[in-house]
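# Fold and geometry: a report
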Amino acid sequence: VQLQASGGGLVQPGGSLRLSCTASGSISSINNMGWYRQAPGKQRGLVARISSSGSTNYADSVKGRFTISRDDARNTVYLQMNVLKPEDTGVYYCNADGREDGFRPFGSWGQGTLVTVSR
């Protein structure tokens, strides 16, 4: 299963961006989908995650500003990022887990998309 992320770019503080990530391959079902961020010189950490039932959890630093959603018909997860701050800068990676056709479990990462928040 492959994940393709898009939507990153350069934005000024206070601005907005929407990230998208689409899963492709022999997918039977997708359980959790999420976004992780790796800032320069730091470890990758969870930004937001959404389960197959729609329950969500967010890093404290993004609560109230970011919204994660998914479109199961398109095997796609979105991250709407509002009121962006310079500390939101980093490479954003999407992640998904589930089962392929034949019910083999999978866990996949996207290639990462760079978000830069700066004047």
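What follows deals with the overall build of the protein. Of regular secondary structure, the protein possesses 0 helices and 11 strands. Here the C-alpha radius of gyration of the protein, 14 Å, is about what a compact globule of 119 residues would show, namely 14 Å. Its C-alpha atoms give the protein principal-axis dimensions of roughly 50 × 25 × 25 Å. Residues counted as buried form 42% of the 119 residues belonging to the protein. A sequence separation of at least 24 residues applies to 55% of the contacts in the protein between residues at least 6 apart. Carbon and sulfur atoms provide 45% of the accessible area of the protein, an area that totals close to 6,200 Å².

This brings us to the packing of aromatic side chains. In total, this model carries 1 aromatic pair according to the counting rule given. With a centroid separation of 5.0 Å and an interplanar angle of 65°, the aromatic rings of Tyr-36 and Trp-109 are classed as edge-to-face. You can see Tyr-36 sitting in strand 4 (residues 27–38) and its partner Trp-109 sitting in strand 10 (residues 105–109), a full 73 residues away along the chain. Using a relative accessible area of 15% as the deciding quantity, one classes Tyr-36 as buried.

What follows concerns unusual backbone geometry. Unusually for a residue other than glycine, Asn-75 sits at a positive phi of about 50°. Tracing the backbone shows Asn-75 in the loop between strand 7 (66–71) and strand 8 (76–81).

Looking now at the sheet that holds strand 1 (residues 2–6). One open sheet holds the 4 strands; their spatial order is 1-3-8-7, and the pairing between them is antiparallel. Each having just a single partner strand, strand 1 and strand 7 make up the two edges of the open sheet. Averaged over all adjacent pairs, the angle separating strand axes in this sheet is 15°, with direction ignored. The pairing of strand 7 with strand 8 spans 6 bridges and is antiparallel.

With that settled, consider the state of the cysteines. By the definition in use, this model includes 1 disulfide. Linked covalently through their sulfurs, Cys-21 and Cys-94 form a disulfide whose S-S length is 2.0 Å. Across the S-S bond linking Cys-21 and Cys-94, the dihedral sits near 55°, which makes this disulfide right-handed. On the criterion of sequence distance, the pair formed by Cys-21 in strand 3 (residues 17–24) and Cys-94 in strand 9 (residues 90–100) is long-range, its members being 73 residues apart. Residue Cys-21 is classed as buried on the basis of its relative accessible area of 1%. The exposure class assigned to Cys-94 is buried, which follows from its relative accessible area of 0%.

Here we come to the nonpolar core. Ranked by internal contacts, the top residues of the largest apolar core, which has 28 residues, are Trp-35, Val-47, Phe-66, Leu-79, Met-81 and Tyr-92. Discounting residues that sit within four places of it in the chain, Met-81 has contacts with Gly-15, Ser-16, Leu-17, Leu-19, Arg-65, Phe-66, Tyr-92 and Val-115.

What counts and how
Throughout, a residue's number is its position along its own chain's written sequence, starting from 1. Only residues with pLDDT of at least 70 get local features here, since the model is predicted, and only at 80 or more are side-chain atom pairs given and counted; chain-wide, interface and lining totals rely on the full set of residues. Hydrogens and water are ignored here; the side-chain numbers use all heavy atoms of the structure. Starting at the N terminus, helices and strands are each numbered in turn, a helix being any DSSP run of H or I of at least four residues and a strand any DSSP run of E of at least two. Only C-alpha atoms enter the radius of gyration, while the globule expectation follows 2.2 Å times N to the 0.38, with N the number of residues. The buried label goes to any residue with under 20% of its type's maximum accessible area, the exposed label to any with over 50%, and the partly exposed label to all in between, with areas taken from a 1.4 Å probe on protein chains only. Note on definitions: a residue-residue contact is assigned when non-hydrogen atoms from the two residues lie within 4.5 Å. A 1.4 Å probe and the Shrake-Rupley method give the accessible areas. Residues count as covered only by the protein chains that appear here. Two aromatic rings from Phe, Tyr or Trp, using only the six-membered ring of Trp, form a pair when their centres are within 6.5 Å; if the ring planes differ by under 30 degrees the pair is stacked, by over 60 it is edge-to-face, and anything between is tilted. Pairing between strands requires that DSSP locate at least two bridges from one strand to the other. Whenever a helix is involved, its axis is fitted only over the stretch in contact; in every case the axis is a line through C-alpha atoms, and angles between N-to-C directions fall within 0 to 180 degrees. Put simply, a disulfide is two cysteine sulfurs that come within 2.5 Å. Among buried residues, those of type Ala, Val, Leu, Ile, Met, Phe, Trp, Tyr and Cys that are joined through side-chain atoms within 4.5 Å constitute a nonpolar core.

All quantities given are derived from atomic positions and should not be read as evidence of function.
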